[in-house]
Amino acid sequence: MGARTLMRVILDTNVLLGALISQRGPSDMIYRAWRTARFDLVTSAAQLDELRRVSRYPKLRSILPAHRVGTMMNNMRRAVVLDVLPSLPNGMATSDPDDVFLLVMVLASAADYLVTGDHHAGLLQRGRVGRTQIVTPVTFCSEAL
């Protein structure tokens, strides 16, 4: 009997921040599921930089304890970290330039899911990219956990 292959999941930075902001709810449930090895988390140097930068915004700094952000950053180093991301293929675009790295991570990792809470960037409206399903945290919890 071979080793069990875990599903590969990309969590949008807003989902990671949601897990830090509220220890109840779908984002935190997803983060805890990864921490207990229910799936492989895929991240990138670009996302880790974004998480570090955004967590320092004044409006978030007051509600995000620095030690919790630091713990998450350290934990994420144990994820599948894509150091170098390819360019977005011609003909593929996103309405939010800040989300380009997420689409490239999807293409580079063959992830099963991209989980995002951003209803305005257009990623959820895509529904999928290749084999990767793009879903909200609530949908991911009900379908995959």
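Everything below is about the structure shown above.
Below or above, wherever it landed, is the structure these notes cover. (Residues numbered from 1 in each chain as written. Predicted model: local features only at pLDDT ≥ 70, side-chain atom pairs only at ≥ 80, totals over all residues. Heavy atoms only, no water.)

**Considering the sheet that holds strand β1 (residues 8-11)**
- If you trace the 6 strands from one edge of the open sheet to the other, you get β3-β2-β1-β4-β6-β5, paired in mixed fashion. Each edge of the open sheet is held by one strand with a lone partner, namely β3 (80-82) and β5 (128-129).
- Summarising the sheet, β1 and strand β4 (residues 113-115) pair through 3 bridges and their orientation is parallel. What sits directly across from Ile10, in β4, is Leu114. (Pairing = 2+ DSSP bridges. Helix = DSSP H or I, 4+ residues; strand = E, 2+ residues; numbered from the N terminus.)

**Overview of the packing of aromatic side chains**
- Taken as a whole, this structure holds 3 aromatic pairs when the rule is applied.
- Centroid distance Tyr113 to Phe140: 5.0 Å. Interplanar angle 85 degrees. Geometry classified as edge-to-face. Placement of Tyr113 in strand β4 and of Phe140 in helix α8 (residues 137-144) is noted, with a sequence separation of 27 residues between them.
- By relative accessible area, which is 9% here, Tyr113 ends up buried.
- On the accessibility criterion, Phe140 (0% relative accessible area) is buried.
- Aromatic ring contacts, followed pair by pair, group Phe39, Tyr113 and Phe140 into a single cluster. (Phe/Tyr/Trp six-rings, centres within 6.5 Å; stacked < 30°, edge-to-face > 60°. Buried < 20%, exposed > 50% of the residue type's maximum accessible area, 1.4 Å probe, protein only.)

**Considerations on the packing of helix α3 (residues 45-54) against helix α5 (residues 66-76)**
- Packing of α3 against α5 brings their axes to within 11 Å, and their N-to-C directions diverge by 175 degrees. One element, α3, and the other, α5, form an angle in the roughly antiparallel class. On α5, the residues touching Gln47, Leu48, Leu51 and Arg52 of α3 are Met72, Met73 and Met76.
- When grouped by side-chain class, the residues that make up the contact of α3 with α5 number 5 nonpolar, 1 polar and 1 charged. (Axes fitted to C-alpha atoms, helices over the stretch in contact; angles between N-to-C directions. Parallel < 35°, antiparallel > 145°, perpendicular 65-115°, else oblique. Contact = heavy atoms within 4.5 Å. Nonpolar A, V, L, I, M, F, W, Y, C, P; charged D, E, K, R; others polar.)

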